[in-house]
Amino acid sequence: MTSRRACLTFAASLGLAFAVPLAFAQGKPLRIIVPFPPGGPIDVTTRLLAEKARQSLPDQTIVIENRPGAGGNIGVDLVAKAAPDGTTIGIAATSMHAVNPWLFKKMPYDAAKDFAPITQTVRVPNVLVVNAETAQRLNIATLKDFIAYAKANPAKLNYGSGGNGSAGHLAGEMFKKRAGVFSVHIPYAGGAPAQMALLSGQVDFTFDNLATAAPNIRAGKIKALAVTTAQRSPLLPDVPPMADALPGFEIDTWWGLIAPAGTPKPVIDRLNAAFVAALNAPDVRARFAQLMAEPVPTTPEQFAEFMKRELAKYEPVVKASGASVD
């Protein structure tokens, strides 16, 4: 009787018309699966948010579990197949929920159907950067200059990326199509080698995420011509958005939180409230700014609609690129 009364009191305190699943109500650990190794941007920001969200979830222990592999698919698949009781959630991101479904011939999960969105958490702007010496030699000071040179000199510019099907590769292909230019793609085995190739002048330009590119932009080693957000980024306010020259061009790196499909709405709403509060906390926003990441708190419905648009947007881009990993 005491246990039953405790559960009813807990549910009533949440203002719910019905009790949340027993496992969630009993305060079992909340497992957040990060489908990438420790230490990367997604892992760091997720741990930061989890620590802050504990203030809104005092009855629960939050555990971060790194499960990398297969471009993020392994960890995401664990979320898809977990019990929808609010004790296992994970990360949705550009690669696993917008690119991989078109890049892999066989997917272990359905990106559109197997998850219940909680909230978007982060957006990291991508930025078109040119080797500084190349920009000076070719008199390229603006995006307009860059497009004009590329049109007048087909195939004379090349760009590097972290590999076929990577965010940098797809951004480059989207740019070429929208700008009506042709440049040679040179894939590298990861973002770090591509960045080194840009710094050494082996490639002329890349589309990199701002968090990685910012130190070299500040050092004057590379020149930022445009961010790929729809508006100027507060993290790089002096650099115009690509959409100024190519209306509608928008391709960001993003991630957020998801639960297994079928997780009850009261559970989703409680998690949303906790993590949105964390995203809006001044100290968290300040820390994200240091990481060159923009917090993006949303409702579950907004995140669901956003992911639907992203999945549709990348289908023609991936198919046009010809990239495939299996």
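What counts, and where the lines are drawn
Residues numbered from 1 in each chain as written. Predicted model: local features only at pLDDT ≥ 70, side-chain atom pairs only at ≥ 80, totals over all residues. Heavy atoms only, no water. 1 Å grid on protein atoms, 1.4 Å probe; cavity = no way out; pocket = protein on both sides within 12 Å on 5 of 7 lines; lining within 4 Å. Points joined across faces, edges and corners; volume = space filled by probe spheres on them. Helix = DSSP H or I, 4+ residues; strand = E, 2+ residues; numbered from the N terminus. Nonpolar A, V, L, I, M, F, W, Y, C, P; charged D, E, K, R; others polar. Buried < 20%, exposed > 50% of the residue type's maximum accessible area, 1.4 Å probe, protein only. Pairing = 2+ DSSP bridges. Expected span 1.5 Å × (residues − 1). Contact = heavy atoms within 4.5 Å. Axes fitted to C-alpha atoms, helices over the stretch in contact; angles between N-to-C directions. Parallel < 35°, antiparallel > 145°, perpendicular 65-115°, else oblique.

Caption draft 1: Inspection of the layout of surface pockets at higher detail. Here the largest pocket is characterised by a volume of approximately 1100 Å³. Forming the boundary of the largest pocket are 43 residues, of which S166, A167, G168, N209 and T253 lie nearest the centre. A total of five residues in the lining of the largest pocket trace back to one element, the largest contributor, which is helix α5 (residues 94-103). Its residues assigned to classes, the lining of the largest pocket shows 20 nonpolar, 20 polar and three charged.

Caption draft 2: Representation of the pairing of strand β10 (residues 253-260) in the model. Counted residue by residue, β10 has seven buried out of eight residues, so it is predominantly covered. Looking at chain direction, strand β3 (residues 88-93) and β10 are connected through four bridges and run antiparallel. Within the sheet, the bridge partner assigned to A92 lies in β10 and is G256. Relative to β10, strand β4 (residues 115-124) runs antiparallel, the two sharing eight bridges.

Caption draft 3: Here's a closer look at helix α8 (residues 167-179). A rise of 1.5 Å per residue sets the reference length of α8, with its 13 residues, at 18 Å; its end C-alpha atoms lie 18 Å apart and thus fit the reference within 8%. Extensive coverage of α8 is indicated by the burial of 10 of its 13 residues. Taken as a whole, α8 has its buried residues at G168, H169, L170, A171, G172, E173, M174, F175, K176 and A179. For α8, the elements touching its buried residues are α5, α7 (143-152), β6 (158-161), β7 (184-187), β8 (205-209) and α13 (300-321). Phi for G180, located one or two positions after α8, is positive at around 70°.

Caption draft 4: Seen up close, empty space enclosed by the protein. Enumeration over the complete set of coordinates arrives at one cavity of 30 Å³ or more. Space inside the largest cavity adds up to approximately 40 Å³. What lines the largest cavity is simply I32, T46, L49, I91, T121, L257 and F275. Broken down by class, the residue content of the lining of the largest cavity amounts to five nonpolar, two polar and no charged.

Caption draft 5: Geometry of the sheet that holds strand β5 (residues 126-131). Read from one edge to the other, the open sheet built from five strands follows the order β7-β6-β8-β5-β9, with strand pairing classed as mixed. Edge positions in the sheet fall to β7 and β9 (222-227), since each of these pairs with one other strand and no more. Across the sheet, the axes of successive neighbouring strands diverge by a mean angle of 30°, strand direction being ignored. Sheet strands touched by α8: β6, β7 and β8. Its angle to β6, the strand with the most contacts, is close to 150°. Contacts between helix α9 (residues 191-200) and the sheet are confined to β5, β6, β8 and β9, with β5 contributing the most and set at about 40° to the helix.

Caption draft 6: Quick peek at the packing of α8 against α13. α13 packs onto α8 with a crossing angle of 95° between their chain directions and a minimal axis gap of 10 Å. Classified by the interaxial angle, the pair formed by α8 and α13 is roughly perpendicular. On the side of α8, the interface is formed by H169, L170, E173 and M174, while α13 contributes Y314, V317, V318 and S321. Split into classes, the residues belonging to the contact of α8 with α13 amount to five nonpolar, two polar and one charged.

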